[in-house]
Amino acid sequence: MRVLITGFDKFGGESINPSSLCVNSLPDVIDNIEIKKITLPTVFKDSSRILEENIDSFSPNIVICVGQAGGRSKITPERIAINIDDARIPDNIGNSPIDEAIRKDGENAYFSTLPIKAIVDELNKNNIPSAISNTAGTFVCNHIMYEALYLSKKKYPNIKAGFIHIPYIKEQVIDKPNMPFMKKEDIIQALKIIIKTSVNYFDKEDTKITGGLEH
Ligand code: PCA
């Protein structure tokens, strides 16, 4: 099995992005799983172009994109990506799309094809706080998740894909009182569990445990 895992470069005034930091700390092989790690720019169209080039050259079975969600306290596998770019802040080269469809010929939304429930379950069993998220927002993280799933529907039908948001790490919250964070080592451990669980469930249905929310 081959897994392509991506992080993003820093954005929004932060001096690091824990997603690329943790993704790039992963080994090249885990339990016979070949891992390719790349850092994507936090730029709408450039990120998806680079993702597609890497899918072409590496031919992964699974694509896992990872990004920072400052303010969240848990590892949150995203359930759904929507066909909209709506930038709260400009991306790293100044693009600020408002209500633009990502793909004119795409569905309104795509669900993650990673085993998000099994991932949450495995992480919590390993004492790493995790929960499903039902929105990846409308910035570059939603964009890359949508594009990964669009490509898996249109061009690479055997690929499973999805997106994981991670919290800030400690260095980022020193000047942000009461802001949640997670240890870098725990995030790296979480990514290893996410890779292994995605491989273990490649040919299986996700587990049926609730990830529902009231609102
Ligand atoms: N997080 C941003 C984009 C890059 C990142 O790491 C997001 O949640 O959209």
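Cut-offs and rules
Residues numbered from 1 in each chain as written. Predicted model: local features only at pLDDT ≥ 70, side-chain atom pairs only at ≥ 80, totals over all residues. Heavy atoms only, no water. UniProt positions renumbered as here; feature names shortened; annotations may be inferred. Near = heavy atom within 4 Å. Polar contact = N/O pair within 3.5 Å; in protein donor to acceptor, adjacent residues only side chain to side chain. Areas by Shrake-Rupley, 256 points an atom, 1.4 Å probe, with all protein chains shown as cover. Helix = DSSP H or I, 4+ residues; strand = E, 2+ residues; numbered from the N terminus. Buried < 20%, exposed > 50% of the residue type's maximum accessible area, 1.4 Å probe, protein only.

- Per an unreviewed UniProt entry, the protein goes by Pyrrolidone-carboxylate peptidase and derives from Gemella haemolysans M341.
- Looking at the Function (unreviewed entry) heading of the UniProt record, one finds this comment for the protein: "Removes 5-oxoproline from various penultimate amino acid residues except L-proline."
- For the record of the protein, the UniProt heading Subcellular location (unreviewed entry) holds the text "Cytoplasm".

1. Focus: the site of the ligand
No. 1: Near the ligand the following residues occur: Phe 8, Phe 11, Asn 17, Thr 42, Gly 67, Gln 68, Phe 139, Val 140, Cys 141 and His 165.
No. 2: In this structure, Asn 17 approaches the ligand through a side-chain N or O atom, which is 2.9 Å from an oxygen atom.
No. 3: Here the ligand loses 94% of its free accessible area of 260 Å² to cover by the protein chains.
No. 4: Elements represented by at least two residues in the shell around the ligand include exactly β4 (62-68) and α4 (140-154).

2. What to know about unusual backbone geometry
No. 1: Positive phi, close to 70°, is recorded for Asn 32, a residue that is not glycine.
No. 2: Take Asn 32: it is sitting in the loop between β2 (29-30) and β3 (33-40).
No. 3: Phi is positive for Asn 178, close to 65°, though the residue is something other than glycine.
No. 4: With respect to the helices, strands and loops of the structure, Asn 178 is situated in the loop between β8 (160-166) and α5 (184-200).
No. 5: The class of Asn 178 is exposed, set by a relative accessible area of 81%.

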